[in-house]
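Survey of secondary and tertiary structure
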Amino acid sequence: PGVMYIVMEMCAGGSLVSRMKDHRHVYSERMAATLIEKMLSAVVYCHHHGVVHRDIKLDNVMYEKDGEEAELKLIDFGFAMEVTRGKETMWDQLGTPSYMAPELWNDKQYDSSVDMWAVGVLMHVLLSGTLPYDPNNYVLAMVTAAADRETLQLPEHRWGNVSREARHLLQSLLQFRPQLRPSAASAKQHPWLAAVQ
């Protein structure tokens, strides 16, 4: 019997979810934009190389070292799938429920746009400290909202202090119709990301 050694990069800075405690669970728009831009860069790279992550979430975003300037790393490709451009259809129902796109609950057929939904959930958490839908009734919320094709509501009393550009990107990422979500490359060019840098 042979021995196999797996050498992995050490990310000593901890996960993004653990860092949120230092920001009282909410990031400034500038900080959130920096993090989202880095996440989109990782997704652009993956999608360009035919890899769909399928489990993007706060816990799977790690800092390479301590300090706010540390680079982010997208980790845990255990659910990732290699696809061919133009033939991206997948059927496996997997992921972390609170980050799973509605088509995973309804159609069971999906493509790489599920990663964009997950980035949208991540952005929502960074800017508000909350998930976009009640995690206790998430499946019901997804099935109902997707059936109605409703747009994610961002109430003024909670989102009035967030710029219109940020809300626009967030709502485009959390589109119930997958074909209306921007690609990672397109989202990376959104004016909000340039405006707050």
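Here we summarise the structure given alongside this text. This is a predicted model, so every value here is computed, not measured.

A word on the packing of helix H2 (residues 29-48) against helix H4 (residues 113-128). Closest axis-to-axis distance for the H2/H4 pair is 10 Å, and the angle between their directions is 165 degrees. When the axis of H2 is compared with that of H4, the two are roughly antiparallel. Of the two possible hands of crossing, H2 and H4 adopt the one that is right-handed. Contacts from Glu29, Ala32, Leu35, Ile36, Leu40, Val43 and His47 in H2 reach Asp115, Met116, Val119, Leu122, Met123, Leu126 and Leu127 in H4. Across the contact of H2 with H4, the residue classes break down as eleven nonpolar, one polar and two charged.

Even without a glycine there, the phi angle at Arg54 is positive, about 70 degrees. Position of Arg54 relative to the elements: it lies in the loop between strand S1 (51-52) and strand S2 (61-63). For Asp76, which is not glycine, the phi dihedral falls at a positive 60 degrees. You can see Asp76 is positioned in the loop between strand S3 (72-74) and strand S4 (81-82). Taking the relative accessible area as the measure of exposure, Asp76 reaches 42% and is therefore partly exposed.

The relation between two aromatic rings is expressed through the spacing of the ring centres and the mutual angle of the planes. Per the counting criterion, the structure on display carries two aromatic pairs. Both rings, one in Tyr133 and one in Phe176, keep their centres 6.1 Å apart while their planes meet at 70 degrees; by these two values the pair is edge-to-face. One end of the pair, Tyr133, is in the loop between H4 and helix H5 (138-148); the other, Phe176, is in the loop between helix H7 (164-173) and helix H8 (184-188), and 43 residues separate them in sequence. Given the relative accessible area of 11%, Tyr133 is considered buried. Since its relative accessible area comes to 3%, Phe176 is described here as buried. Connected via pairs of aromatic rings, a cluster forms that spans Trp117, Tyr133 and Phe176. Over the face of the ring belonging to Tyr63 we find Arg19, whose NZ or CZ atom lies 3.6 Å from the ring centre.

The rules we used
Numbers given for residues are sequential positions, taken from 1 along each chain in its written order. Thresholds applied to this predicted model are a pLDDT of at least 70 for local features of residues and 80 or more for the giving and counting of side-chain atom pairs; totals over whole chains, interfaces and linings are not thresholded and use all residues. Side-chain descriptors were evaluated using all non-hydrogen atoms of the structure, hydrogens and water having been removed beforehand. Lines fitted to C-alpha atoms define the axes, with helix axes restricted to the stretch in contact, and inter-axis angles between N-to-C directions lie between 0 and 180 degrees. Think of it this way: any DSSP run of H or I at least four residues long counts as a helix, any run of E at least two long counts as a strand, and we number them from the N terminus. Comment on the angle field: the value is read as roughly parallel under 35 degrees, roughly antiparallel over 145, roughly perpendicular from 65 to 115, and oblique elsewhere. Left-handed describes a crossing whose near helix is turned anticlockwise from the far helix by less than a right angle; the clockwise case is right-handed. In what follows, residue pairs with any heavy atoms lying within 4.5 Å of each other are defined as contacts. Under the scheme applied, nonpolar residues are Ala, Val, Leu, Ile, Met, Phe, Trp, Tyr, Cys and Pro; charged residues are Asp, Glu, Lys and Arg; polar residues are all the others, including Gly. Each residue gets one of three labels from its accessible area relative to the maximum for its type: buried under 20%, exposed over 50%, partly exposed in between, using a 1.4 Å probe on protein chains only. A pair of Phe, Tyr and Trp rings is counted when the ring centres sit within 6.5 Å of each other, with Trp represented by its six-membered ring. The angle between the planes then sorts it: under 30 degrees is stacked, over 60 is edge-to-face, the rest tilted. By definition, being over a ring means that NZ of Lys or CZ of Arg is both within 6 Å of the ring centre and within 35 degrees of the ring normal.

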